[in-house]
Amino acid sequence: MDIVLGITTKDAVIIATSKAAVRGISILKVTDDKTRQLSDNSLMAFTGEAGDTVQFAELIQANARLYSMRNGVDLSPTAISNFTRNELANALRSRKPFQVNVLIAGFDKKTNKSSLNWIDYLAANVSLPYAAHGYASYYTLSLLDRHHKKDMNLEEGLELLKACIAELQKRIPFDFKGVYVKIVDKDGVRDLDDIE
Amino acid sequence: MSNPQEINGGAAVAMVGKDCVAIACDLRMGSSALGVSNDFEKIFNYGNVYLGLTGLATDVLTLSDVFKFKTNLYKMREERAIEPQTFANLVSSTLYEKRFGPYFVGPIVAGINSVDNKPFICGFDLIGCIDFAKDFIVSGTASDQLYGMCESLWEPGLEADDLFETISQALLNGLDRDALSGWGAVVYIITKEKVVKRLLKTRQD
Amino acid sequence: MPGLSFENYQRNQHLATSGFAVPKTTSTGTTIVGCKFDGGVVIAADTRATAGDIVADKNCEKLHCISSNIWCAGAGTAADTEMVTQIISSNIELHSLSTGRQPRVVTCLTMLKQHLFKYQGHIGAYLIVAGVDPTGPQLMSIHAHGSTDIGYYLSLGSGSMAAMAVLESKWKREMNKEEAMALCTEAIESGIWNDLGSGSNVDMCVMEVGKDSVLHRNYRTPNVRAQKERSYKFARGTTGILGQTVRNLVDVVEVPIANEEMEVDS
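Residues numbered from 1 in each chain as written. Chains lettered and ligands numbered in written order. Predicted model: local features only at pLDDT ≥ 70, side-chain atom pairs only at ≥ 80, totals over all residues. Heavy atoms only, no water.

(A) View of the interface of chain B and chain C. Listed as interface residues are 58 residues of chain B and, on the opposing side, 54 residues of chain C. Surface buried jointly by chain B and chain C totals about 4,700 Å² across both partners, of which 55% is contributed by carbon and sulfur atoms. By the criterion of area lost to chain C, the three top residues of chain B are Tyr96(B), Phe100(B) and Glu165(B), representing 16% of everything that side buries. Our enumeration of links across chain B and chain C arrives at six salt bridges. Here Arg225(C) makes a salt bridge to Glu151(B), at a shortest N to O gap of 2.8 Å. (Contact = heavy atoms within 4.5 Å. Buried area = accessible area lost by both parts, 1.4 Å probe. Salt bridge = Lys/Arg side-chain N within 4 Å of Asp/Glu carboxyl O.)

Quick look at the structure:
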């Protein structure tokens with residue numbers, strides 16, 4: 001039910017996540033942030049089983065930070081994605097796997113490239129130009145496929161995101177209370193004004 | 001969604017020609033009916049051996065890494081690259097090790113043995129039973145269609161350029177009758193002298 | 001086997017509970033037979049391997065070498081018959097090295113049955129073991145759960161009934177090698193024609209006292225593919241290409257031809 005979207009642009013990645021925390025037929029919270037910052041230049045957005053999501057995201061966050069502290073350098077977004085995939089793949093072989101789907105948005109300062117990784121609970125990891133998890137993907141992927149361009153600038157990316165959100169608000173049969181929008185680029189991770 | 005080998009979709013095929021082998025795969029990675037990626041290659045290279053891995057995407061990624069690790073170790077110990085036949089047995093034992101909790105994959109191997117320069121292909125089931133074939137090997141969600149295409153199109157003694165057309169047409173037309181495969185395709189034509197990788201023009205539906 | 005890893009078992013169990021079916025393995029839906037004769041024993045098999053209702057391999061090998069004097073025909077899950085046979089083969093070699101004796105069929109049989117019993121039938125190997133050892137020609141069979149039989153003639157696999165029909169009607173005491181080979185051929189062919197899980201060719205192995213065992217790969221080939229009516233070769237350039245990369249495996253160096261005159265400043 002949660003909405004998790006990611007769009008890459010030429011030198012930034014846009015992440016949008018719904019603000020509603022839904023449990024059963026109730027909305028428990030309208031300011032739920034479904035993201036965690038993993039390092040200076042990478043962000044994880046997540047959806048899935050209630051308890052698992054935050055536990056898992058913070059596990060990755062803690063490990064990424066531990067690595068930075070020990071080695072004095074941040075893991076690259078690609079490295080973090082592979083680490084995340086490994087954690088999920090190992091969990092999948094345990095008694096109770098993490099039922100978490102994530103997007104990892106990052107900007108690699110060494111190669112000066114933005115990246116977006118789609119990872120599902122089965123630990124399939126794919127690098128994509130734009131991505132979504134859950135029902136939101138059925139509504140937005142067609143729009144993104146039609147309008148996304150490899151070398152879009154941030155403004156064009158945000159326009160595209162707005163079109164996606166508008167479509168979701170029109171079609172999804174419940175109120176997801178708008179989305180938080182975050183930008184990951186060379187300057188780090190920053191919040192944008194919410195799209196209601 | 002009932003069979004783990006059919007969640008993500010994908011297909012691969014290998015063929016033998018005259019002093020050459022070919023291996024090809026599609027590029028789709030999906031989540032049941034939803035297409036997720038059109039850039040998901042299923043062929044991996046280890047020295048002069050090429051491995052096609054179809055099936056559950058997570059296991060494709062895991063196994064491609066496992067074989068990268070094992071072939072690197074092999075190269076360090078033996079001070080030479082692994083031969084296709086040896087690699088086939090490595091795949092077989094790696095898969096059978098997980099006999100009662102298998103990886104949901106359908107591997108195929110193609111390469112030219114560097115000692116006798118003979119072409120070699122083979123395929124496996126998910127627990128490592130090797131299928132040695134003199135002609136062709138198919139794998140993935142379009143395997144039924146590919147069996148039909150290869151059985152009719154393949155003939156012995158194809159030159160590298162003709163083998164390219166035969167394997168491409170077998171794959172392309174096989175993919176068109178499978179909803180879970182397609183979205184682009186790549187073909188490797190392997191000869192003693194060089195390996196040519198071609199990106200095919202395919203339907204996008 | 002001490003090496004089998006159950007690492008993925010829980011994951012797959014979890015996957016199975018969330019609605020995933022168990023995938024197909026290659027099985028040798030098979031006809032295998034064995035028959036003793038005066039001074040030896042012969043085993044035979046068809047060469048079809050199936051995955052569900054698809055013929056996965058039209059000419060596979062179901063006759064496995066355990067030692068120079070012992071051979072084994074396998075039916076059931078193809079990977080299991082192959083792997084169980086390889087492992088017992090290794091252990092038999094080690095055993096004969098440490099005892100300094102020629103391996104015996106009963107030893108092989110005991111090792112196989114103890115191994116298979118340990119796995120309670122989950123290793124789906126159904127085998128006919130035959131060979132000549134210091135105690136003479138031997139012919140035995142093993143089922144996946146570990147039970148064993150001894151007989152003058154045996155058949156196993158999905159085509160075992162078809163084959164046994166032939167064996168029961170035509171087997172007699174005191175056969176010579178040629179008669180036994182002919183009987184086994186006919187029994188396998190009965191499976192090839194009448195059982196859907198069996199097909200293609202007949203493989204045979206003859207083990208005689210005092211002689212090297214002989215493997216007749218494709219002893220009979222009653223299903224040779226007819227020459228194709230026409231070639232389906234495509235004209236070069238039929239397939240559309242979007243891009244191409246070349247990886248050169250040899251260095252191409254241009255060498256000037258020796259007798260070509262060189263330009264020299266005068």
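What follows picks up the thread again.
(B) Looking closely at the sheet that holds strand 6 (residues 49-55) of chain B. Residues and elements named next belong to chain B. An order of 5-6-7-8-9 is seen for the five strands of this open sheet, with the pairing classed as antiparallel. Each edge of the open sheet is held by one strand with a lone partner, namely strand 5 (43-46) and strand 9 (130-132). Recorded for the sheet is a direction-independent mean angle of 20° between the axes of neighbouring strands. Across three bridges, strand 8 (residues 119-124) lies against strand 9 in antiparallel orientation. Residue pairing in the sheet places glycine 123 in a bridge with aspartate 131 of strand 9. Taken strand by strand, helix 1 (residues 57-78) contacts strand 5, strand 6 and strand 7 (105-112), and its axis lies near 5° from that of strand 5. (Pairing = 2+ DSSP bridges. Helix = DSSP H or I, 4+ residues; strand = E, 2+ residues; numbered from the N terminus. Axes fitted to C-alpha atoms, helices over the stretch in contact; angles between N-to-C directions.)

(C) Up close: helix 4 (residues 160-170) of chain C. Residue and element names in this part refer to chain C. Burial in helix 4 covers these residues: Ser160, Ala162, Ala163, Val166 and Leu167. Along helix 4, the residues classed as buried sweep out an arc of 165° about the axis, all on the same side. Those residues of helix 4 that are exposed and aimed more than 90 degrees away from the buried face are Met161, Glu168 and Ser169. For helix 4, the elements touching its buried residues are strand 2 (32-37), strand 11 (153-156) and helix 5 (177-194). (Buried < 20%, exposed > 50% of the residue type's maximum accessible area, 1.4 Å probe, protein only. Arc of directions from axis to C-beta.)

(D) Representation of the confidence of the model for chain C. Of the residues in chain C, 94% have a pLDDT of 70 or more, and the chain-wide mean is 93. In the predicted assembly, ipTM is 0.91 and pTM is 0.91. (pLDDT = per-residue confidence, 0-100.)

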